[in-house]
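# Structural overview for review
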Amino acid sequence: MEPKERSIDKASQEMLKHMADAGIENAWERLEQQQPQCGFGKLGICCRNCSMGPCRVDPFGEGPQTGICGADADTIAARNMLRMIAAGAAAHSDHGRDIAHTFKMVVESESCDYMIKDENKLKAVATRYGINTKGRSIKEIAKDLSDVVMNEFGRQDGALATAAAYAPKTRQKLWNQLGVTPRSIDREVVEIMHTTHMGVGSDYKNLIKQGVRCSLADGWGGSLIATELSDILFGSPQPIRFGANLGVLDKKKVNIIVHGHEPTLSDIVVAVSQESELLKFAKEKGADGINIAGICCTANEILMRHGIPVAGNFLQQELAIMTGAVDVMLVDVQCIMPALSSLCSCFHTKLITTSPKCKIVGAEHIEFREDKAVQIARQIIKTAIENFTNRKSEIKIPKITERGIAGFTTENIYYALGGSFRRSYRPLNDAIISGRLRGAAGVVGCNNPKQMHDYCHIEMIKELIKNDVLVVSTGCGAMAAGKAGLMRPEAAEKYCGQGLREICETLGIPPVLHVGSCVDNSRILTILANIVAEGGLGDDISDLPVAGAAPEWMSEKAVSIGMYFVASGVFTVVGEPLPVLGAEKLTKYLTDEIEKELGGKWAFEKDPVKAARLMIKHIEAKRDALGINTKKDRKLYDMEERRALAI
Ligand code: SF4
Ligand code: MSK
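Residues numbered from 1 in each chain as written. Chains lettered and ligands numbered in written order. Predicted model: local features only at pLDDT ≥ 70, side-chain atom pairs only at ≥ 80, totals over all residues. Heavy atoms only, no water.

### Some points on the environment of M479
Along the chain, the position of M479 falls in helix α21 (residues 475–483). M479 gets classed as buried once you look at its relative accessible area, which sits at 2%. Counting along the chain gives 38 residues from M479 to S517, while the straight-line C-alpha distance between them is 9.9 Å. (Helix = DSSP H or I, 4+ residues; strand = E, 2+ residues; numbered from the N terminus. Buried < 20%, exposed > 50% of the residue type's maximum accessible area, 1.4 Å probe, protein only.)

Here it is, written out as structure tokens:
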């Protein structure tokens, strides 16, 4: 397959050719080696939950229709899906727990390498949980908040305080009625593992109920805690310019790529990298400086807060090493291909793992400890500087970089969408009600070599913004949009329909708003909650003219994310179908019947333009239901009437 058929990204195409010329394999070739992939696995109808199996159900109806224990296709596929949700929710929420531990350390220690950088956000978050902030010191407030969030992971009684503090009341009422209110984060993950054990649950609807509850503990729990505490500790993002793609690597500088998800170490690496002593050491070794760039969501975290450039998204991790210019690939957790180890051994690149949860054979392990963060960051940077002199192969960095604006959050979107003087979602709601904006869509998630790299993200986004749908994006999808120039304000003129273009041009914002990393999908939830609270667009998230999509998803986290969006009332389209198609009743339930219960449902559509049209159709149907699609006569206001509008 030609590079052009694998990726729409020019820099990636260049590196894919370079890889082919060098005879080095990559994820696309390993996908080809896997063909044909197991049909039972794809359809979700194989089970190895006990040693009577593995069992599989014949999708053509000729062979066995149950496993040895009698589990049918719907039970098996539902159990498999639940275990994906459990893994995804655990990954996000364990990330949240790690940040919560760092926060606790800051609260308890007199001096450590971290501090509370955003005191206003601390107070705002504490207030949400009902913590008194008046007349109290920052430490006192932070201590109470730390106790509350720590309790969220292992609480034994009651329900998740975070979901109660952030989700719209109408939604909470519905969850209570349906019995899916999350109780505690760890409990919901554990309960999935119990429920899906051999001989426990076999009613597919009841199984999905637990999947819903666990995913809610992720979105409105673990992920949300990760986002909020990261803002408090590392600073809330503000709109910031950034560069994206492999061209951000610098041949003359020491290049360190941070890759994974957790910002705790990378945030310190960024700060320490500009210390004069380290810069001097780099100079002594012949380098012009120290260049930090990111891959995957660690990149998004430090991009949003420091404007650190993005080297690439998930499928570019191997391509970055191929440049020969990466002195250290520093990884934390999640989305790190084990293949990096053998690939790095072809170059001088040092692969450094830092988490006890993520060790890779062949990588150097420098264990990260929050209480020694600066010391460890310095050690890693020194290792990279020393390794600069070991570069052996030809350096080949594609001269391709795009620029854009990132750093939008639930809080600063007020300003971005309303101008400097109106701290409210009113302008956004009004734009939707007037029809200038038809609605909003979240386009998020990974890359997957089964789909042309970045193609589905970009084509879907273009179709949405052409139809006046504002797009918010996270994760690798956001990076795809950034690399394609869709996060430049100028993109509005080229790609948007008239309504969205006018809004972008008036406010100077891009038509695609970068709202962060995978855990920051919680920002999309809280944006939706704010739109509901602002009023005029129904009483619940399920009333809003919005939709979500993960056109190139691959990670189990995406299944948890998709499920919590559906459970929050959002129509959610994924490219690669969930592995449930071998289970007829379950598929119908997830893509149709579940909407009557939760207000949201799943859809599977690989063609990104067709998928975007499904989303637009849904948005228009919601507008119809709200009664805001009727064309109103233009009204000329006199001054008194204008004052009465109070805008
Ligand atoms: Fe087979 Fe049932 Fe065991 Fe699964 S749990 S492997 S379907 S016997
Ligand atoms: S990094 S989970 S490939 S978005 Fe968050 Fe990208 Fe998906 Fe990993």
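That was the structure; now back to the text.
### Re the pairing of strand β5 (residues 290–295)
Taken across its six residues, β5 has six buried, putting it largely inside the fold. Of the two faces of β5, the one lined by I290, I292 and G294 and the one lined by N291, A293 and I295 are each fully buried. Two strands pair when backbone bridges link them, and strand β4 (residues 254–260) and β5 are joined in this way by six bridges, in the parallel orientation. Looking at β5, one finds that I257 is bridged to A293. Taken together, the two bridges between β5 and strand β6 (residues 310–312) define a ladder with parallel strand orientation. (Pairing = 2+ DSSP bridges.)

### Quick look at the sheet that holds strand β16 (residues 602–604)
Spatial strand order, β13-β12-β11-β14-β15-β16: six strands in an open sheet with parallel pairing. Only two strands of the sheet have a single partner each, and these edge strands are β13 (512–514) and β16. Taking each pair of neighbouring strands and ignoring which way they run, the sheet shows an average axis angle of 25°. As paired elements, strand β11 (residues 439–443) and strand β12 (residues 469–473) share five bridges and run parallel to each other. In the sheet register, A441 faces β12, and the bridge partner there is V471. (Axes fitted to C-alpha atoms, helices over the stretch in contact; angles between N-to-C directions.)

### With respect to the site of ligand 2
Taken together, 13 residues lie near ligand 2, and H261, C297, C335, C476 and C518 sit nearest. Counting residues per element, the ones that place at least two in the shell around ligand 2 are α14 (296–306) and α21. Here the shell around ligand 2 is composed, by residue class, of eight nonpolar, four polar and one charged. Residue-level mapping places the shell around ligand 2 at the junction of two domains, with at least three residues from each of domain 3 (246–388) and domain 4 (404–626). (Near = heavy atom within 4 Å. Nonpolar A, V, L, I, M, F, W, Y, C, P; charged D, E, K, R; others polar. Domains from an automatic or database assignment.)

### Examining helix α20 (residues 455–466)
Three- or four-residue spacings in an α-helix give side chains the same orientation, since the helix completes a turn every 3.6 residues. End to end, α20 covers 16 Å across 12 residues, agreeing with the expected 16 Å (1.5 Å per residue, within 8%). Regarding α20, the residues found buried are C456, H457, I458, M460, I461, E463, L464 and I465. D468 sits one or two residues past α20 and shows a positive phi near 60°. (Expected span 1.5 Å × (residues − 1).)

### Let's talk about the site of ligand 1
Neighbouring ligand 1 are the residues C47, N49, C50, M52, G53, C55, G67, I68, C69, R79 and M198. Looking at the shell around ligand 1 residue by residue, the class counts come to seven nonpolar, three polar and one charged.

### Details of the nonpolar core
Core analysis: the biggest nonpolar cluster contains 178 residues, and M81, F103, L145, I208, W220 and L464 have the highest contact counts within it. Once residues within four sequence positions are removed from consideration, F103 is found in contact with I116, L122, A142, L145, S146, L229, I232 and L233. The next biggest cluster of nonpolar side chains, apart from the first, holds 41 residues, and it includes L246, L343, C358 and I397. (Core = buried A, V, L, I, M, F, W, Y, C linked by side-chain atoms within 4.5 Å. Contact = heavy atoms within 4.5 Å.)

### As for the domain arrangement of the chain
Interface extent is often summarised as the accessible area lost during association of the parts. On domain assignment, one finds that the chain holds domain 1 (3–56), domain 2 (73–234), domain 3 (246–388) and domain 4 (404–626). Computed from C-alpha atoms alone, the centre-to-centre distance between domain 3 and domain 4 is 31 Å. Listed as interface residues are 18 residues of domain 3 and, on the opposing side, 23 residues of domain 4. Considering only the surface of domain 3 that becomes buried against domain 4, M304, N313 and L315 emerge as the three largest contributors, covering 41% of it. Here domain 3 is connected to domain 4 by zero salt bridges. On inspection of domain 3 and its partner domain 4, the count reaches 13 residue pairs in polar contact (both at pLDDT 80 or more). Broken down by secondary-structure element, the contributors of at least two residues to the side of domain 3 that touches domain 4 are α14 and β6. For the side of domain 3 that touches domain 4, the leading source of residues is α14, giving eight residues. Of the residues in the side of domain 3 that touches domain 4, the class split is 10 nonpolar, six polar and two charged. (Buried area = accessible area lost by both parts, 1.4 Å probe. Salt bridge = Lys/Arg side-chain N within 4 Å of Asp/Glu carboxyl O. Polar contact = N/O pair within 3.5 Å; in protein donor to acceptor, adjacent residues only side chain to side chain.)

### Quick notes on the side chain of D58
When you line up the elements, D58 lands in the loop between β2 (55–56) and α5 (73–108). The charged side chain of D58 is buried without a salt bridge, its nearest counter-charge being R56 at 8.3 Å. A polar atom in the side chain of D58 sits 3.2 Å from the backbone nitrogen of E62. In contact with D58, other than residues within four places in its own chain, are F40, G63, P64 and Q65. (Lys, Arg positive; Asp, Glu negative; His and termini not counted.)

### Considerations on the packing of helix α12 (residues 263–272) against helix α17 (residues 373–388)
Close contact between α12 and α17 brings their axes to 9 Å; oriented N to C, the two are set at 65°. Between α12 and α17, the angle is such that the two are roughly perpendicular. As for how α12 packs across α17, the hand of that crossing is right-handed. Between α12, through L265, I268, V269 and V272, and α17, the contact on the second element is made entirely by A373, V374, A377, R378, I380 and I381. Among the residues forming the contact of α12 with α17, the class breakdown is nine nonpolar, no polar and one charged. (Parallel < 35°, antiparallel > 145°, perpendicular 65-115°, else oblique. Left-handed = near helix turned anticlockwise from the far one by under 90°.)

### With respect to the pairing of β12
A large share of β12 lies buried, amounting to five of its five residues. In terms of handedness, the path from β11 via α20 over to β12 forms a crossover that is right-handed. When β12 meets β13, the two strands line up parallel, connected through three bridges. Directly across from S473, in β13, lies its bridge partner H514. (Right-handed = clockwise from strand over helix to strand, strands pointing away.)

### Brief notes about the side chain of N313
Counting through the fold element by element, N313 comes out in the loop between β6 and α15 (317–322). A polar side-chain atom of N313 sits 3.3 Å from a polar atom in the side chain of N447. Side-chain polar atoms of N313 contact the backbone oxygen of C476, separated by 3.2 Å. In this structure N313 touches I295, C296, N447, H453, D454, C476, M479, A480 and K483, once residues within four positions along its chain are discounted.

### Remarks on unusual backbone geometry
Of the consecutive residues Q35 and P36, the connecting peptide bond is found in the cis state with omega at -10°. Considering the arrangement of structural elements, one finds P36 in the loop between α3 (27–33) and α4 (39–43). The peptide bond linking G53 to P54 adopts the cis configuration, its omega dihedral lying at 10°. Counting through the fold element by element, P54 comes out in the loop between β1 (46–47) and β2. One non-glycine residue with positive phi stands out, namely C335, at about 70°.

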